[in-house]
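Structure at a glance
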Amino acid sequence: MVINPLVSEVITGLARPGKAQLDYLGFLLVQAVVVFLWWPKDGIAQALQSQHTPRTLLALVMAVGVTTAYFALRAGTEVLALPGQRGLREWARTPLPAGSIIRGYIVGQLLQGLHLVVLSTPLLLMAFVISGGEWPALGWCLAAVLVQALFYRLCGAITCLSLGQHRYAVINTARTIMVLVYVPVGLLAPVTSHPALAYRTLGEALPPDPFFTPMPDGLAFVSIYAALSVLAALAVHRLLLRERGMKNNPDGAGVGKAISG
Amino acid sequence: MQRASPVIVLLGLLLLLSPVRADPIEISAVVGFADTFQPGRWTPLHVSVRNRSSDLNGELEVQVTGGDELRGRRFVTAHRRTLQLQRNSAKSLQFTILPQGLSRPLVIRVVSNGLEQARKEIDLRTLSIAERLVLVLSPDVDLDYLNEGTAHGMRVLHPHPELLPAHWRGYDAVAAIVLHGMSLERLSAPQFEALHKWIAQGGTLAVSGGPDYTLMRRPRLAALLPGLPVGMTKIDGETLQAAFSASLDVSRPVYVNRLDVFHGDVRLRAGTQPLIVERAVGLGRVLYLTFDVASPPFNRWDGMSRLWHSHLSPPATPMSSAPKTSTENPVLALIRAEATDFPRYAAAFIFLALYLGTLLAAYRFPIRVTQSRRVASLGVWFTPVIFASAAWVIFGPGAFPRGPTAVAVAVIEPFPGSSYARLNIDLGLYASHSGMLQFQYAGAEPVMYPSREELRRGDVPDWVVSDATRRAVEPHDRRRYVLHVLEGADVIAFRLDAVVHEEAMGPRVILENNSGSAVDGLWLVFGGHAYELGVLADGARIERALVRSRHGVEVDAASWLGVLKGSAAGQARDVTPIRVALERRVQETNRTGYPGPGHALLVGYAASPLRPAGDSAGWAHHERAVIAFQVTAREKATP
């Protein structure tokens with residue numbers, strides 16, 4: 001079986017120590033602090049008396065969402081990379097077809113995102129046990145984390161390919177994207193907000209309403225971000241083709257036209 | 001016009017010949033006794049279902065709306081029973097319900113395969129009364145004159161014996177029952193048990209004698225009466241008038257039942273012949289009127305109304321002087337005392353530090369040996385997985401139980417001289433995850449109602465009380481970490497006989513336990529001292545002369561509860577749940593506290609009479625059942 005070189009690069013990179021791992025260790029530390037801050041301060045009798053669920057899991061899932069998204073955005077902008085991982089510009093100079101590069105890039109990101117989620121698993125389990133909640137709800141939230149991270153990774157890649165030579169501009173644009181999409185867009189369209197999704201699925205359940213069955217939030221969120229990721233991937237594809245030069249890459253011309261046209 | 005008339009005749013014939021369309025499933029119901037009930041009191045509900053359609057396999061549901069719209073949301077308690085009816089058959093089922101408000105109708109539904117097959121709504125406004133009820137079980141006694149004037153607050157009803165409650169709580173609105181010329185053998189076993197329990201917990205049964213006194217020698221009534229009639233005896237007119245009133249017509253000879261031996265107090269006698277004998281049955285009483293209330297001269301005597309009122313009215317209860325301070329729920333107190341708490345901060349901190357430290361070490365100090373690098377590449381996945389497993393073991397279900405939990409605090413108060421005891425139980429249900437919370441139980445059969453705290457707050461959830469294959473209760477609110485509390489009351493079979501003699505050196509106590517279970521950590525609280533009696537096994541009988549100076553521990557009205565801290569197993573127990581439960585009982589019964597004046601109190605632990613069963617047998621369960629037996633202390637026996 002031939003593994004996409006971008007994927008094998010990620011597999012190899014994850015096993016080697018580097019700045020990216022230390023960066024994510026920092027994010028894990030943030031998550032640990034969140035767990036510690038939201039750990040129930042009262043006993044179970046007080047929780048029952050106040051009828052409030054411990055919010056440890058909710059806070060942690062929100063933190064995992066933010067940290068993985070930011071990590072993916074930074075990885076997309078190539079501010080940080082796994083040991084031995086090459087940037088998209090370098091891949092564009094190789095004879096590898098642009099479609100394969102995009103596929104490898106997406107699978108690699110999903111693998112990397114999965115690894116980050118696995119690293120957070122001990123914390124998630126600790127929080128899950130005390131906060132209650134249901135496995136499917138947690139599963140949807142983590143799936144949303146992965147898809148959201150993919151979208152941010154592609155956003156980062158677009159920024160990097162567009163403004164590649166201007167490092168500070170890339171970093172600032174990435175941060176702006178992060179803040180913009182997370183705060184105002186999340187407020188205006190809560191269905192696209194991961195914290196809102198986490199709150200709805202893992203927060204305190206409201207009393208059941210027999211007349212209204214809400215749409216599954218997780219599915220809507222994942223669908224929206226998957227669609228956005230497809231659009232972002234098409235944009236990356238076009239930028240890759242531009243890097244290579246349209247004339248030398250007939251296999252991607254149609255796709256590029258489709259984006260522009 | 002002449003042409004039209006044959007057409008009209010033809011249409012009329014067609015209408016006559018066409019089959020009458022009837023509902024395929026017909027529901028009829030009797031609320032309370034003879035369609036009369038008192039709001040705010042438990043009452044029986046008889047529902048009859050006739051099925052004219054195909055075979056029916058479903059549930060019969062009775063929805064009772066409670067709560068107060070001004071103070072909070074209304075809530076619905078749905079009582080459910082399995083209903084299997086073949087085509088062209090009928091079935092009657094009885095429920096015990098607590099109708100509170102009158103603004104919402106009582107809803108009765110037949111549900112099959114999730115679909116409503118039939119529905120009936122009963123307007124409660126026309127059926128309610130404010131007076132306490134006097135039930136007359138007799139084919140020929142007319143006590144309707146007791147209904148004249150509302151000063152005594154009684155309403156006489158003549159229910160059909162077959163419609164009497166099958167649960168003692170169904171008599172909640174009943175002040176007294178008058179029995180004449182009817183055998184209790186006509187009642188079903190549950191009906192008789194319900195009647196017996198109701199008397200034992202404080203009800204009044206008045207039995208009128210008559211010429212057919214063999215009815216009173218039948219086993220069920222004989223077990224309740226203070227004595228058995230052995231014949232009839234004539235009472236002369238003057239003696240009778242002296243006993244009752246000069247207004248009593250004694251122009252004709254009067255015969256009464258003759259009692260040779262009886263156990264009870266004579267409340268009225270004519271010469272040496274008892275006319276009204278009272279026997280205490282638990283906290284209740286059975287009155288035996290040896291004369292025939294349905295025959296002359298008593299059925300025409302004006303003084304009978306006063307006589308009935310003076311004998312049927314319940315004895316006055318002293319007002320409580322106990323402070324009404326207890327606002328806590330015993331269930332919450334037991335959760336605080338026994339339930340597994342969240343894992344500690346320190347454990348979480350150490351675990352997180354260890355995990356992050358391991359990861360840091362792995363990233364900072366990489367393995368350089370080539371062969372080990374492959375292992376290291378797997379390690380980046382395995383390390384978090386191993387720590388995740390450890391997290392599940394350390395913080396998981398073993399240390400902090402997930403899933404539903406049932407908590408029960410019970411107070412068992414045996415009735416003196418009775419084989420029954422009053423059970424008051426607080427049942428709490430909660431879960432650490434959202435979802436269905438149906439609690440199936442066995443043992444006691446208390447009627448249950450939302451807790452007073454939830455009623456006060458006005459956030460009572462809807463409940464389902466099911467009596468299908470197993471008795472079960474289930475709140476509609478399926479949120480996690482929400483405690484749902486029900487308060488229940490029952491009269492259970494529990495025989496504990498106790499005699500306490502007050503002697504110079506200390507009390508002498510005789511105990512016999514036939515309750516069916518051992519009593520643990522038993523103490524006698526009497527005269528400012530507490531005496532440890534230890535474990536009293538089932539079937540055991542003990543007699544002890546206790547010496548105050550040697551065996552007694554000095555206690556006061558508040559501190560005696562401290563004796564319950566220890567147990568035979570040496571485990572320390574938090575007495576707060578018991579204290580709260582007992583304080584609430586004191587408030588409910590308007591007593592002055594435990595032990596009451598002139599009383600000794602036997603107090604100890606027993607197994608909870610209500611236990612999880614069926615699908616709930618595996619639930620986490622915390623229970624505390626305390627026996628509080630107040631015994632009248634007898635004076636020192638004279639030599």
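Before reading on, note that the structure itself is shown above.
Described in the following lines is the structure provided in the data block.

Quick notes on the rules
Residues numbered from 1 in each chain as written. Chains lettered and ligands numbered in written order. Predicted model: local features only at pLDDT ≥ 70, side-chain atom pairs only at ≥ 80, totals over all residues. Helix = DSSP H or I, 4+ residues; strand = E, 2+ residues; numbered from the N terminus. Buried ≥ 20, exposed ≤ 12 C-beta atoms within 10 Å, placed from the backbone. Contact = placed C-beta atoms within 7 Å. Nonpolar A, V, L, I, M, F, W, Y, C, P; charged D, E, K, R; others polar. Core = buried A, V, L, I, M, F, W, Y, C linked by C-beta atoms within 7 Å. Expected span 1.5 Å × (residues − 1). Axes fitted to C-alpha atoms, helices over the stretch in contact; angles between N-to-C directions. Parallel < 35°, antiparallel > 145°, perpendicular 65-115°, else oblique. Pairing = 2+ DSSP bridges. Left-handed = near helix turned anticlockwise from the far one by under 90°.

A few words on the overall build of chain A. The secondary structure content of chain A amounts to twelve helices and zero strands. Each helix (α) and strand (β) of chain A, taken in turn from the N terminus, gives the series α-α-α-α-α-α-α-α-α-α-α-α. Out of the 261 residues in chain A, the part that is buried amounts to 46%. Residue pairs at least 24 apart in sequence account for 83% of intrachain contacts in chain A once pairs closer than 6 positions are excluded.

Let us look at the overall build of chain B. When helices and strands are tallied, chain B shows eleven helices and 32 strands. Residue pairs in contact within chain B that sit at least 24 positions apart in sequence constitute 71% of those at least 6 positions apart.

Interface extent is often summarised as the accessible area lost during association of the parts. Contact residues are listed per partner, giving 43 residues for chain B and 38 residues for chain A. For the side of chain B that touches chain A, the elements supplying multiple residues, two or more each, are α6 (330–338), α7 (345–364) and α8 (370–395) of chain B. Counting residues per element, the side of chain B that touches chain A draws most heavily on α8 of chain B, which supplies twelve residues. Here the residues of the side of chain B that touches chain A sort into 30 nonpolar, five polar and eight charged.

Glancing now at the nonpolar core. Grouped together as the largest cluster of nonpolar side chains are 238 residues, with contacts concentrated most on V35, L60, C141 and V236 of chain A together with V134, V178 and V207 of chain B. Looking at which element gives the most residues to this core, the answer is helix α7 (residues 135–163) of chain A, with 19 residues. Look past the residues within four positions of V178 of chain B in its chain and what remains in contact with it is V134, V136, L137, S138, V141, L143, A206 and S208 of chain B.

Next up on the list: helix α4 (residues 56–76) of chain A. Residue and element names in this part refer to chain A. When the terminal C-alpha atoms of α4 are compared, their 30 Å separation across 21 residues agrees well with the 30 Å that a helix rising 1.5 Å per residue should span. Among the 21 residues of α4, 21 are classified as buried, and the element is accordingly described as predominantly covered. At the C-terminal side of α4, E78 shows a positive phi close to 65 degrees.

On to the packing of helix α2 (residues 19–38) of chain A against helix α6 (residues 98–131) of chain A. All names here are of chain A. At a closest axis distance of 11 Å, the pairing of α2 and α6 adopts a crossing angle of 10 degrees. One way to sum up the angle between α2 and α6 is to call them roughly parallel. Here α2 contributes Y24, L28, Q31, A32 and V35 to the contact with α6, which in turn contributes L116, L119, S120, L123, M126 and A127. In terms of residue class, the contact of α2 with α6 is made up of nine nonpolar, two polar and no charged.

Moving on to the environment of L427 of chain B. All names here are of chain B. Summarising the element assignment, L427 is placed in strand β18 (residues 420–431). Overall, the presence of 24 C-beta atoms within 10 Å leaves L427 in the buried class. Non-local contacts of L427, meaning those with residues more than four positions away in its chain, are made with A406, A408, M448, V485, L486 and G488.

It is worth spelling out the sheet that holds strand β23 (residues 484–493) of chain B at this point. Residue and element names in this part refer to chain B. Here nine strands make up an open sheet; going across it, the order is β20-β23-β18-β17-β32-β30-β26-β27-β29 and the pairing mixed. The open sheet has two free edges, formed respectively by β20 (447–450) and β29 (552–554), since each of these has just one partner strand. Here the average twist between neighbouring strands, direction ignored, is 20 degrees. Of the pairings in the sheet, the one linking strand β26 (residues 519–526) to strand β27 (residues 529–536) comprises six bridges and is antiparallel in character. Bridge assignment links V525 to a residue of β27, and that residue is A530.

What follows concerns the sheet that holds strand β11 (residues 204–208) of chain B. Residues and elements named next belong to chain B. Spatial strand order, β9-β8-β10-β11-β16-β15-β14: seven strands in an open sheet with mixed pairing. Edge positions in the open sheet fall to β9 (154–157) and β14 (265–270), since each of these has one partner strand only. Between one strand axis and the next, the sheet turns by 15 degrees as a mean value, whatever way the strands run. Strand direction decides the pairing type here: β11 and strand β16 (residues 284–289), joined by five bridges, are parallel. Paired with L205 across the bridge in β16 is V286. The strands that helix α2 (residues 189–200) touches are β11, β15 (273–281) and β16; relative to β16, the one it contacts most, it runs at about 105 degrees.

Between P296 of chain B and P297 of chain B the backbone carries a cis peptide bond, its omega angle lying at 5 degrees. Looking at the element boundaries, P297 of chain B is found in the loop between β16 and α5 (304–312). Residues other than glycine seldom take positive phi values, yet Q51 of chain A does so here, at roughly 60 degrees. By the element assignment, Q51 of chain A lies in the loop between α3 (44–50) and α4.

What follows deals with the pairing of strand β2 (residues 43–51) of chain B. Residue and element names in this part refer to chain B. Of all the nine residues making up β2, seven are buried; the element is thus mostly covered by neighbouring parts of the structure. As judged from the nine bridges shared by β2 and strand β5 (residues 89–97), these two strands associate in the antiparallel manner. Bridge assignment links T43 to a residue of β5, and that residue is I97.

A few words on the environment of T589 of chain B. Tracing the chain through its elements places T589 of chain B in helix α11 (residues 576–589). Note on T589 of chain B: 17 C-beta atoms within 10 Å, which makes it partly exposed.

Here we take up the pairing of strand β6 (residues 106–112) of chain B. All names here are of chain B. Note that strand β3 (residues 56–66) and β6 share five bridges and pair antiparallel. Across the sheet, Q63 pairs through a bridge with V107, a residue of β6. Counting the residues between successive antiparallel strands, the hairpin from β6 to strand β7 (residues 115–122) contains two residues, one of them, N113, with a positive phi of roughly 50 degrees.

Residues and elements named next belong to chain A. Within the secondary structure, T201 is located in helix α10 (residues 194–202). For T201, a count of 23 C-beta atoms within 10 Å gives the class buried. Distance in space between the C-alpha atoms of T201 and C141 is 7.8 Å, their sequence separation being 60 residues. Contact partners of T201, with chain neighbours within four places excluded, come to A137, W140, C141, D217 and G218.

Residues and elements named next belong to chain A. The N-to-C vectors of α6 and helix α11 (residues 217–244) enclose an angle of 135 degrees; their axes lie 10 Å apart at closest approach. Compared by their axis directions, α6 and α11 come out oblique. Judged by the twist between their axes, the crossing of α6 over α11 is right-handed. Of the residues in α11, those touching α6 at A98, I101, I102 and I106 are A233, V236, H237, L240 and L241. Looking at the contact of α6 with α11 residue by residue, the class counts come to eight nonpolar, one polar and no charged.

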